[in-house]
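Listed below are the residues making up each chain.
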Amino acid sequence: MADLTTNFAGIRSPNPFWLASAPPTNTGEQVMRAFDAGWGGAVWKTIGEPITNVSSRYSSIDCSAQRMMGLNNIELISDRPIEVNLREIAEVKRRYPRHAVVASLMVESKRKAWHEIVKRAEGAGADGLELNFGCPHGMSERGMGSAVGQVPEYTQRITQWVKEAAQTPVLVKLTPNVTDIRTIARAARRGGADGLSAINTINSITGIDLDTFLPRPNVDGKSSHGGYCGPAVKPIALNMIQQVLADTLDGPAVPISGIGGIGNWQDAAEFLLMGCTSVQVCTAVMHFGYRIVDEMIDGLSNWMDAKGFATLDDLRGKSLHKVTEWKHLNLNFKIVAQIDEALCIGCQLCHIACWDGAHQCIHVDRVSGPIDGPVELHARPRELGREKIAVTPMPRLDPPKQRVGPYATSLERIPRVDETECVGCNLCSLVCPVDGCIKMIELPTGLPPQTWAERTARLRSEH
Amino acid sequence: MGACPTHIDVPRFIQKIAAGNVTGSAKTILDANVLGASCARVCPVEVLCEGACVLHGKHQRPIEIGRLQRFATETFYDAGGKLPLRQREERTQRIACIGAGPASLACAAELRQQGFRVRVIDRRPLPGGLNTYGVAEYKLRAADSLREVEMVRNLGVEFQIRHVDAASLAVLEREFDAVFLGVGLGAMHRLDVQGADSAGAGIGAAAGVSAAAKIVDALKFIAAYKAGAPLSVGRRVVVIGAGNTAIDAACAAKRLGAETVTILYRRQRENIPAFAFEYDHALREGVEFVWATLPKSLTAAKDGLTLTCVTVAQDANGRLTPQAGSEFTIECDAVIPAIGQSPLVELLSQVRGVTMERGRVIIDRATGQTANPKFFAGGDCVNGGREVVDAVADGKRAALGIAAWLSEQASEQKPARTEEHRG
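Cut-off values and rules
- Residues numbered from 1 in each chain as written.
- Chains lettered and ligands numbered in written order.
- Predicted model: local features only at pLDDT ≥ 70, side-chain atom pairs only at ≥ 80, totals over all residues.
- Helix = DSSP H or I, 4+ residues; strand = E, 2+ residues; numbered from the N terminus.
- Buried ≥ 20, exposed ≤ 12 C-beta atoms within 10 Å, placed from the backbone.
- Contact = placed C-beta atoms within 7 Å.
- Pairing = 2+ DSSP bridges.
- Axes fitted to C-alpha atoms, helices over the stretch in contact; angles between N-to-C directions.
- Right-handed = clockwise from strand over helix to strand, strands pointing away.
- Nonpolar A, V, L, I, M, F, W, Y, C, P; charged D, E, K, R; others polar.
- Domains from an automatic or database assignment.
- Parallel < 35°, antiparallel > 145°, perpendicular 65-115°, else oblique.
- Left-handed = near helix turned anticlockwise from the far one by under 90°.
- Arc of directions from axis to C-beta.

Within chain A one finds 14 helices and 18 strands. Once the C-alpha set of chain A is aligned to its principal axes, its extents read approximately 85 × 65 × 45 Å. Residues counted as buried form 41% of the 463 residues belonging to chain A. Put simply, of all contacts in chain A between residues at least 6 apart along the chain, 75% involve residues at least 24 apart.

Shown next as structure tokens:
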């Protein structure tokens, strides 16, 4: 069985699965239950001067059968006194010395205030500190959270203040609500951060009630912009993490704790392959509970065994440098769609997608079996459409309908790909509801690989 | 959607339900099929839309299109929805639709939508044809059928209760600009067994069921109980025939309290004219089937009727031969023949210029026009007895055919504009 132990800039945990700073880590009682369920670490719900929350606080986006595809919140940091949180951190560390407890901190932007909270958190036994420079709602209006994380100078200065006092590793949590997340990551590194957490939630308004005209969530007739998270934000998080980890403009990268839409072991494996050292989870736990970590540990471990990875270091970052700039992609690589007639159910979604949304190269024009090869060129038969007079087939009056061709689906319903026109965009294979029915097959062009960078360089040298 | 005779845009109406636009969904359905609500209940979806669902190819159950259509149309009507009026440009031409069943209703609704003046004429006190009188109550209540008729009436269609014979058809031909024949089929075939006319007494006393009959044909039986007549089928019922109407009658008899309901069929199970899912339904209702059996004679017994039957053998050509010495008897309280309806040959063959073949009116399939250009036809009198949805499709096609023919006639009367119109 693979070794999942994790060492994040000196913070050790039995596995890379940490709970993100959020409602699931609000109290010691919760964190202890989470550790019992299998979580390797927890970033405590952000500690600071207690605030007053509003009701309601959440709203979400569903996608077909998937509830909470995206979750939006306007909840602030911990509403419990600092000393209560610290007392519970001490209790958790006493009972779970091998698990990682990271204190998330947010206080007013004064050196003394930061020095004080750092000392108190470390005094309680926290294994590390996460600076919440990311909260995009409420706290930012008070000069904290993303108000700090959106300005490189503030990020650097406060990180420096923290480092002046800190004995434990310091993580800076990055907000995605910036033009270029790398500028903030660099500032954190300059300030001395030992690691980064990314990403925090994305500014959002999830929707509007069409009866009351109130945006969600509703707080007594008004709403406010919130922070968006959940499965919907995973691609954004992966992209930003790749950007930060691949950026070595002013010094080497620091470890990243990946956050954003992670809900199962596959998601976690992707963040680790992109280079994350640990991962943090919130929305999936708010949706399904602490128990999901059991499957995450088991699934990741089995996958690592299957792939021959003994430790997380063996797989970390394997995909990071497979992302490149567009100009380094091979222009002479060609793939085309291939429809497996035996699997096709005749829904024709690929045909519609290709005609309306792509390059008009998937046709519905086959009327009979293979006569002149696998592809036949015919005009669309008129009788296939609404023009046809259809009647209810009665057992006594009508012979059973014969389907055309050798496949389960009648041939006239199976679309055909014009490979000479296909640009290999993938769209048909993305919309196809049958697994493995549309494959993208490489069509050798006979040309040597050439990128845009190489092509323009050659053109420049020829002139 | 190609599988639906009325070409309801199935993906579109389902998408509208999914998008929370039930009103738009119902209008999408009703625009294609004005009887979309009853079709949602009575259509054999297994051989139509749901049979064509591509999910079969994924070895999954098809989308429940019928139930979705029922949800959309009933939600719409329950909320007080009316058929949307397409236009209000009134035309002067008048069309008579003979029969008030699905074919005529669909024809009338479409013609009205195009602004024509339409009168629907039927001999029965309630309009709706077999939807009101002939489809088993458990599938479609008479009230639901009548609600749909009201929607058509709201469009401005006039309804008249009147018996139509060959002579009055000739008058209608003169008075109206076009006539649509949606008369359906005639009475059920009579059960040709010895003693069928004299045996038994008293199955019901209303709506055409003689008080002195323990033999009642399936359509009269269904019509009587749909009309709410006090009925007693007794404990033991025999239904003769294994078509869809026979199944309706057998299941209805079960629901009316019969302890045993037996369907006699002269051929084997694989030969039955009923749809496979109807047969399965009957089995679930507890109906018993006796195959390869012909009724031979009926006699009054002390306690009900005695039906004498004979087993028949079927040769390779489908010919049936009664087996000597195979006679057996079934004691029962009622016999319900369901052995098909006879065409209205007598009436239709007297319509001037209209031609028939094997009891069916011959039409141009695309327009519904008969050999007499002023007469159009559709539904059971044309197709020999199919489904409600087929009648609706026929009626709508004929309406479009009538509209096109009338505008052709009008432009021929104004030759100067002919080119424009045809262009």
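Residues and elements named next belong to chain A. Judged by pairing direction, the barrel is parallel, and its eight strands sit side by side in the order β3-β4-β7-β8-β9-β10-β13-β14 before closing back on the first. The average angle at which neighbouring strand axes cross in this sheet is 25°, direction not considered. Across three bridges, the pairing between strand β3 (residues 17–19) and strand β14 (residues 278–281) is parallel. By the bridge assignment, W18 is partnered in β14 with Q280. Taken strand by strand, helix α7 (residues 234–245) contacts β10 (195–198) and β13 (256–259), and its axis lies near 165° from that of β13.

Before going further, it helps to spend a moment on the pairing of β14 of chain A. Residue and element names in this part refer to chain A. The alternating pattern of β14 places S278 and Q280 on one face and V279 and V281 on the opposite face, and all of these are buried. As paired elements, β13 and β14 share three bridges and run parallel to each other. Paired with I259 across the two strands is Q280, which belongs to β14. Traced from β13 through helix α8 (residues 265–273) to β14, the parallel crossover comes out right-handed.

One frequently used descriptor of interface size is the decrease in accessible area upon assembly of the parts. Each side of the interface is counted separately: chain A has 17 residues, and chain B has 19 residues. Among the residues forming the side of chain A that touches chain B, the class breakdown is eleven nonpolar, three polar and three charged.

Residues and elements named next belong to chain A. Residue I199 is reached from A198 by a cis peptide bond, and omega for that bond is 5°. Secondary-structure assignment places I199 in the loop between β10 and β11 (202–204). The step from R216 to P217 runs through a cis peptide bond, and the omega angle for that step is -5°. Relative to the elements of secondary structure, P217 occurs in the loop between β11 and β12 (226–229). The backbone of A9 shows a phi angle near 50°, a positive value even though the residue is not glycine. With respect to the helices and strands, A9 occurs in the loop between β1 (6–8) and β2 (11–13). Of note, the phi angle at N426 is positive, near 85°, even though the residue is not glycine. Positionally, N426 belongs in the loop between β17 (416–417) and α13 (427–431).

Under the domain assignment, chain A is made up of domain 1 (6–320) and domain 2 (324–381 + 402–463). When each unit is reduced to the centre of its C-alpha atoms, the spacing between domain 1 of chain A and domain 2 of chain A is 42 Å.

The subject of this paragraph is the domain arrangement of chain B. Residue and element names in this part refer to chain B. Taken domain by domain, chain B holds domain 1 (10–78), domain 2 (94–186 + 349–422) and domain 3 (218–337). On a C-alpha basis, the centres of domain 1 and domain 2 stand 25 Å from each other. Taken together, the contacts link eleven residues of domain 1 with 17 residues of domain 2. Per element, the largest residue contribution to the side of domain 1 that touches domain 2 is five residues, and it comes from helix α3 (residues 36–42). Residue classes in the side of domain 1 that touches domain 2 are distributed as eight nonpolar, two polar and one charged.

Glancing now at the packing of helix α5 (residues 152–165) of chain A against helix α6 (residues 181–190) of chain A. Residue and element names in this part refer to chain A. At a minimum axis separation of 7 Å, α5 and α6 run at an interaxial angle of 25°. What the angle tells us is that α5 and α6 run roughly parallel. Crossing hand, α5 versus α6: right-handed. Listed contacts from α6 to P152, T155, Q156 and T159 of α5 are T183, I184, A187, A188 and R190. Within the contact of α5 with α6, the residues separate by chemical class into four nonpolar, four polar and one charged.

Time to look at the packing of helix α3 (residues 111–124) of chain A against α5 of chain A. Residues and elements named next belong to chain A. For the pair α3 and α5, the least separation of the axes is 9 Å and the interaxial angle reads 45°. In terms of orientation, α3 lies oblique with respect to α5. Crossing geometry of α3 relative to α5 is assigned as right-handed. Facing R111, W114, H115, V118 and K119 of α3, the residues of α5 in contact are I158, W161, V162, E164 and A165.

Residues and elements named next belong to chain B. Those residues of helix α1 (residues 10–18) that fall on the buried side of the exposure criterion are V10, F13 and K16. What you see down the axis of α1 is that its buried residues fit within an arc of 135°, all on one side. Among the exposed residues of α1, those oriented more than 90 degrees off its buried face are P11 and A18. On its buried side, α1 packs onto α2 (22–32), α4 (49–52) and α5 (65–78).

For the rest of this paragraph, the subject is helix α1 (residues 28–37) of chain A. Given 3.6 residues per turn, any residue in an α-helix points the same way as the ones three and four places further on. All names here are of chain A. Where α1 is concerned, the buried positions are G28, V31, A34 and F35. All buried residues of α1 lie within an arc of 120° about the axis, which places them on one face of the element. Facing away from the buried side of α1 by more than 90 degrees, the exposed set consists of E29 and D36. The positive-phi residue at the C-terminal boundary of α1 is G38, with phi of around 130°.

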